[in-house]
Amino acid sequence: MNFREKPDHVRQVVRERGYMAPVLLDESGDVTGKAYGVWGPPTAYFVDRQGRLLGRTVGPRQWDTPAARVFVQALLEER
């Protein structure tokens, strides 16, 4: 999810970083603020395949560690 940034900037960052997952563009902050309780970036959200919020974490994290990969893989395997 992107929070309060211009769509052109977000598209450029997504392209440069090679993101493969869809990115929610929330330029006003209304969707992420109301639905997910965003109060400031960086915030990571874990959303299931039905769009339900499973959890969130606030602050920077090292998502490239083995433990983080195991965590994300477990979320992907949830049905």
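Values in this document were obtained by computation on a predicted structure and should not be read as measured data.

**Student:** Got a sec to walk through the overall build of the chain? Specific residues and values, please.
**Tutor:** For the chain, the helix and strand inventory stands at three helices and four strands. When the elements of the chain are put in sequence order from the N terminus, they spell out β-α-β-α-β-β-α. Overall size of the chain, expressed as C-alpha extent along the three principal axes, is 30 × 30 × 25 Å. Scored against the burial criterion, the 79 residues of the chain give a buried share of 23%. Sequence separation of at least 24 residues holds for 21% of the intrachain contacts in the chain that already meet a minimum separation of 6. When the accessible surface of the chain is split by element, carbon and sulfur atoms take 54% of a total near 6,300 Å². Positive and negative side-chain charges in the chain, numbering 12 and 10 respectively, have mean positions lying 2 Å apart.

**Student:** Residues and numbers for the pattern of salt bridges, please.
**Tutor:** According to the stated counting rule, one finds three salt bridges in the structure shown. Note that Glu27 is salt-bridged to Lys6, the shortest N-O span being 3.0 Å. Here Glu27 is found in the loop between β2 (25-26) and α2 (30-36), whereas its partner Lys6 is found in the loop between β1 (2-3) and α1 (7-17), with 21 residues between them in sequence. Judged by its relative accessible area of 38%, Glu27 is partly exposed. A salt bridge links Arg11 to Asp8; the nearest nitrogen and oxygen atoms lie 3.3 Å apart. You can see Arg11 and its partner Asp8 sitting in helix α1, three residues apart, about one turn around the helix.

**Student:** If you had to explain the pairing of strand β3 (residues 43-47) to someone new, which residues and values would you point to?
**Tutor:** Burial within β3 is extensive, with four of its five residues counted as buried. As judged from the five bridges shared by β3 and strand β4 (residues 53-58), these two strands associate in the antiparallel manner. The partner of Tyr45 across the bridge, within β4, is Arg56. Turn length for the β3-β4 hairpin, with the two strands adjacent in sequence and antiparallel, is five residues, and the turn residue Gly51 shows positive phi of about 85 degrees.

Rules of the game
- Residues numbered from 1 in each chain as written.
- Predicted model: local features only at pLDDT ≥ 70, side-chain atom pairs only at ≥ 80, totals over all residues.
- Heavy atoms only, no water.
- Helix = DSSP H or I, 4+ residues; strand = E, 2+ residues; numbered from the N terminus.
- Buried < 20%, exposed > 50% of the residue type's maximum accessible area, 1.4 Å probe, protein only.
- Contact = heavy atoms within 4.5 Å.
- Areas by Shrake-Rupley, 256 points an atom, 1.4 Å probe, with all protein chains shown as cover.
- Lys, Arg positive; Asp, Glu negative; His and termini not counted.
- Charge placed at Lys NZ, Arg CZ, Asp CG, Glu CD.
- Salt bridge = Lys/Arg side-chain N within 4 Å of Asp/Glu carboxyl O.
- Pairing = 2+ DSSP bridges.

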